[in-house]
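Each chain, written out:
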Amino acid sequence: MTILPGESVKQKIEIANLNVYYGDFHALINVGMNISDKTITAIIGPSGCGKSTLLRSLNRMNELIDGSQINGEILLDGRNIYEIDIFSLRKRVGMVFQRPNPFPLSVFNNITYGPRVHGENRQRVLAEKVEQSLNAVHLWDELKDRLKTNALTLTDEQKQRLCIARLLAVEPEVLLMDEPCSTLDPIATLRIEELMRNLAQDYLIVIVTHNMQQAARVSDFAGFMLLGELIEFGKTQNIFTSPKDKRTEDFLLGKFG
């Protein structure tokens, strides 16, 4: 199993011998992989293979599940994430979920929610964060005159972009995206993918996707999971054109999954 995507590139996240249990169910089995900064890594595999469990492990969201047990090592910039205060960790490692989940608040208050929680109450600073975050997701021109609008009235694509902007407002380092385009139409999906490529210039992004074409289009590295194991990990082009494991090849050819 390939661990390093490139030894000469800075490794932002290092995972070694990661095991996750939900009660008696062994959801992740000895997973190991390193993820470079300012790249996009796609986690692929059939339903129930452990993709989302791996993603949630990176900001300790599995701890919210009753009966979960986690052992192994996940390092963020060389430090074990279980030694980092959970509040600080989730500020550094944010998540975008499968369905857009804006708060039932105005656009402005959605984006400033995080900074306020972290103690920022200066209106000038909050206004700057709103503009910067909306600009980053290419929503400022669309919403600059609608900042008081309830976010639940936006289109699905606008809601997903807003949720990403809400993360950016707290200045994270890593963006986790769990099927971020599954509820969007093909045109909106391509626009979110373009946004991801732009954001990868400044952030590490890890996505879970069932869409193999999306993984091939958007990611730099890809990991194929099966029955809780990371079967193969490497550059996306290599995974899709010359996989080393027959199980990876069979999955990409649609023989199962």
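As a reminder, the structure under discussion sits directly above these lines.
Now for a quick tour of the structure. Bear in mind the structure is a predicted one, so any value in this text is a computation, not a measurement. (Residues numbered from 1 in each chain as written. Predicted model: local features only at pLDDT ≥ 70, side-chain atom pairs only at ≥ 80, totals over all residues. Heavy atoms only, no water.)

Examining the pattern of salt bridges
- Evaluated as defined, the whole model comprises 15 salt bridges.
- The closest approach of N and O atoms between Asp77 and Arg92, which form a salt bridge, is 3.1 Å. Pair noted here: Asp77 is in the loop between β4 (68-76) and β5 (79-80) and Arg92 is in helix α2 (residues 86-92), with a separation of 15 residues, a long-range link.
- A relative accessible area of 35% places Asp77 in the partly exposed class.
- Two residues, Arg197 and Asp220, come together in a salt bridge whose shortest N-O distance is 3.4 Å. A residue pair is termed long-range when its members are at least 10 positions apart, and Arg197 in helix α7 (residues 186-199) and Asp220 in the loop between α8 (212-218) and β9 (221-226) qualify at 23 residues.
- Taking the relative accessible area as the measure of exposure, Arg197 reaches 33% and is therefore partly exposed.
- Assessed through its relative accessible area of 27%, Asp220 is described here as partly exposed.
- Through salt bridges with shared partners, a single ionic network connects Lys12, Asp77, Arg92 and Glu173. (Salt bridge = Lys/Arg side-chain N within 4 Å of Asp/Glu carboxyl O. Helix = DSSP H or I, 4+ residues; strand = E, 2+ residues; numbered from the N terminus. Buried < 20%, exposed > 50% of the residue type's maximum accessible area, 1.4 Å probe, protein only.)

Observations concerning the nonpolar core
- Residues Leu134, Met196 and Ile205 are the most contacted members of the largest nonpolar core, which totals 43 residues.
- Setting aside chain neighbours within four positions, we find Ile205 in contact with Thr39, Ile40, Thr41, Leu175, Met177, Met196, Leu199 and Ala200.
- With 30 residues, the next largest nonpolar core counts Ile13, Leu28, Ile74 and Leu176 among its residues. (Core = buried A, V, L, I, M, F, W, Y, C linked by side-chain atoms within 4.5 Å. Contact = heavy atoms within 4.5 Å.)

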